[in-house]
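# Architecture and fold: a report
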Amino acid sequence: MSLEPALPRASYVDPAAWEHERERVLLREWTCVGRRADLGLGEARRLAVVDVLGESVLLTSDEERTLHAAYNVCRHRGSQIVPAPPDSPPACAEVGALRCPYHSWTYGLDGRLLRAPHTEDGDVDPDAFGLHPVGVGEWAGFVFVHLTPADAEPLADSVARATRTLANYGLGDLVTGLRFDYEVAANWKVVAENYNECYHCGPVHPELSRLVPAFGSGGSGLDWDDGVPHREGAWTFTLSGTTDRAPLPGLDEAERTRHKGELVYPNLLLSCSADHVAAYVVRPRSVDRTSIECLLLFAADAVADPAFDPSDAGDLWDLVNRQDWAICESVQRGMSSRAYTHGWYAPMEDDSADIRRWLLPRLEGRRP
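Residues numbered from 1 in each chain as written. Predicted model: local features only at pLDDT ≥ 70, side-chain atom pairs only at ≥ 80, totals over all residues. Heavy atoms only, no water.

## A look at the pattern of salt bridges
Here is the rule we go by: The rule for a salt bridge is simple: a side-chain nitrogen of Lys or Arg has to be within 4 Å of a carboxyl oxygen of Asp or Glu. Strands are runs of DSSP state E lasting at least two residues, helices are runs of H or I lasting at least four, and both sets are numbered from the N terminus onward. A simple rule labels every residue: compare its accessible area, found with a 1.4 Å probe on the protein chains alone, to the largest value its type can have, and call it buried under 20%, exposed over 50%, or partly exposed in between.
Counted according to the given criterion, the structure contains 18 salt bridges. For Arg-161, the salt bridge identified is with Glu-262, shortest N-O distance 2.9 Å. Remark: Glu-262 occurs in strand β14 (residues 258-264) and Arg-161 occurs in helix α4 (residues 160-165); sequence separation between them is 101 residues. Owing to a relative accessible area of 38%, Arg-161 belongs among the partly exposed residues under this scheme. A relative accessible area of 6% places Glu-262 in the buried class. Of the charged contacts, one joins Lys-260 and Glu-255 as a salt bridge, the two residues approaching to 2.8 Å between their closest N and O atoms. Among the residues examined, Lys-260 registers a relative accessible area of 6% and is labelled buried. Assessed through its relative accessible area of 3%, Glu-255 is described here as buried.

Structure, rendered in structure tokens:
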């Protein structure tokens, strides 16, 4: 099998190509914004403000704990209802309504216009002046938004493979036990492609490769549906390969000793071990900058235990993460050279790292 050309240089380094991709693809896909509980939306009458691809979005949980989402833009004069500079970290509060600080136009948690002061004698139809809606959905404890809801396909379609392959992990019942935040000077596709192959694992991740020998051999022939076995005596992703925590309930025999991973395009990466799941929420910021939130998810009773200590998993993941981000930044710097035109996919990378199958049809305005 011959080498296949990867995406062209411009896809990774050209700001104009990034803006086209953002508008044509990313703003028209379901995007993960984090765990519902971590966003503070587990209870009724709550508001979270999140930055999604440069757009400020209001997320609310109403009196019945139903999720709603809208652009953070008042319908009167365009003020942000909750002032939030670009790239602001998520903010959460308990609220009963959404009131614009400029002229006090007030909206319900579902986005309906409730009150527009001093317009009582005018022709202001509340039904015509609700907040601009954003699609919102929940899967396995994660909240997803769609910034072009009129074009949205069912969220279930985007998560169908992960729903099938990770069914036994009980993702919706897990809770965050440890969190890492990273800023990576690389295009988000470099991060996604790196995650989706293990050709690099031998040279970049010696500790991980000792834990999972198949990774060190270049990852050829890995069976992600059945999971990838650890070395003899190891069964989870810690530096020792073991832990005092019990395996997650519901796993089959193979999953108790194997590792599974999924990429839910475009921005949720899941690495599943027997006792915990590492979830990466990838946030593209610009053509060469990506923010990444790494959440280590554990069984709720494990986290509630006063003796809970996630550092055995955290030490390994933080090491592996920093190795990945360093090599991704090196790739980004190399791609920025005038000598680079495009990369190549080795045969073992063709099925896994090839982001073209997902991206190119969408850039052309069609779905595969």
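## Topic: empty space enclosed by the protein
Over the atoms, a rolled probe matching the size of one water molecule traces out where space is still vacant. Under the convention used in this document: Using protein atoms alone on a 1 Å grid, points that fit a 1.4 Å probe yet trap it form a cavity, whereas open point sets bounded by protein on both sides within 12 Å along at least five of seven lines form a pocket; residues with an atom within 4 Å of a point count as lining. Grid points are joined across faces, edges and corners, and a volume is the space filled by probe spheres set on the points. Ten residues, namely Ala, Val, Leu, Ile, Met, Phe, Trp, Tyr, Cys and Pro, are considered nonpolar, four, namely Asp, Glu, Lys and Arg, are considered charged, and the remaining ones, Gly among them, are considered polar.
Under the counting rule described, the total for this entry stands at four cavities of 30 Å³ or more. Estimates place the volume of the largest cavity at around 80 Å³. Forming the walls of the largest cavity are Thr-31, Cys-32, Val-33, Asp-51, Val-52, Leu-53, Asn-267, Val-282, Arg-283, Pro-284 and Arg-285. Broken down by element, the residue count for the lining of the largest cavity peaks at four residues, all from strand β16 (residues 276-286). A breakdown of the residues in the lining of the largest cavity according to their chemical character gives six nonpolar, two polar and three charged.

## A short note on the state of the cysteines
Note the following rule: Count a disulfide wherever a pair of cysteine sulfur atoms falls within 2.5 Å.
Summed over all chains, the structure comprises one disulfide. The disulfide bridge from Cys-198 ends at Cys-201, spanning 1.9 Å between sulfur atoms. Here Cys-198 and Cys-201 share a disulfide; its torsion about the S-S bond, -100°, makes the bridge left-handed. Exposure remark for Cys-198: the relative accessible area of 8% places this residue in the buried category. Cys-32 provides the cysteine sulfur closest to Cys-92, a residue in no disulfide bond, and the two sulfurs are 16 Å apart. Of the residues examined, Cys-92 reaches a relative accessible area of 36% and is grouped as partly exposed. Distance from the sulfur of Cys-294, which forms no disulfide, to the nearest cysteine sulfur (Cys-272) is 12 Å. Using a relative accessible area of 0% as the deciding quantity, one classes Cys-294 as buried.

## Quick word on the pairing of strand β3 (residues 46-52)
Two faces make up the sheet, and in a regular strand the side chains alternate between them. Heads up, the rule is: Pairs of strands are assigned from DSSP output, requiring at least two bridges between the strands.
Counting buried residues in β3 gives six out of seven residues, a clear majority hidden from the surface. Inspection of the sheet shows β3 paired to strand β4 (residues 55-61) by seven bridges, in the antiparallel sense. Bridge pairing in β4 links Asp-51 to Ser-56. If you look at the hairpin formed by β3 and β4, you'll find two residues sitting between the two strands, and Leu-53 has a positive phi there, around 55°. In this structure, β3 lies alongside strand β6 (residues 91-94), joined through four bridges in antiparallel fashion. Bridged to Arg-46 within β6 is Glu-94.

## As for the environment of Glu-262
Stated formally: Note on contacts: a residue pair qualifies if any of its non-hydrogen atoms lie within 4.5 Å across the two residues. Polar contacts, as counted here, are pairs of nitrogen or oxygen atoms within 3.5 Å of one another; within protein the pair requires one atom able to donate a hydrogen and one able to accept it, and residues that are adjacent in sequence qualify only if both atoms are side-chain atoms.
Measuring from C-alpha to C-alpha, the distance between Glu-262 and Glu-183 comes to 22 Å, with 79 residues separating the pair along the chain. With near-sequence residues (within four places) excluded, Glu-262 lies in contact with Arg-161, Ala-162, Thr-165, Leu-166, Tyr-195, Leu-268, Leu-269 and Leu-270. Among the polar contacts made by the side chain of Glu-262, one reaches the side chain of Arg-161 at a distance of 2.9 Å. A polar side-chain atom of Glu-262 sits 2.8 Å from a polar atom in the side chain of Thr-165.

## Topic: the side chain of Lys-189
Position of Lys-189 relative to the elements: it lies in helix α5 (residues 188-195). Look at Lys-189 and you get buried, because its relative accessible area is 0%. From its side chain, Lys-189 meets the backbone oxygen of Ser-11 in a polar contact 2.6 Å long. Residues in contact with Lys-189, not counting those within four places in the same chain, are Leu-7, Ser-11, Tyr-12, Glu-21, Ile-355 and Leu-359.

## Quick notes on the sheet that holds strand β8 (residues 106-107)
Backbone-to-backbone hydrogen bonds join strands into a sheet, with any given pair of strands oriented parallel or antiparallel. Spatially, three strands are ordered β7-β8-β9 in an open sheet, and the strand pairing comes out antiparallel. Every other strand in the sheet has two partners, leaving β7 (98-99) and β9 (113-115) as the edge strands with one partner each. The pairing of β8 with β9 spans two bridges and is antiparallel. By the bridge assignment, Thr-106 is partnered in β9 with Arg-115.

## Observations concerning the pairing of strand β2 (residues 31-35)
Of all five residues in β2, five are buried; the element is thus mostly enclosed. Inspection of the sheet shows β2 paired to strand β11 (residues 142-146) by four bridges, in the antiparallel sense. Each bridged residue has a counterpart across the sheet, and for Arg-35 the counterpart in β11 is Phe-142.

Taken by themselves, the reported measurements are silent on function.
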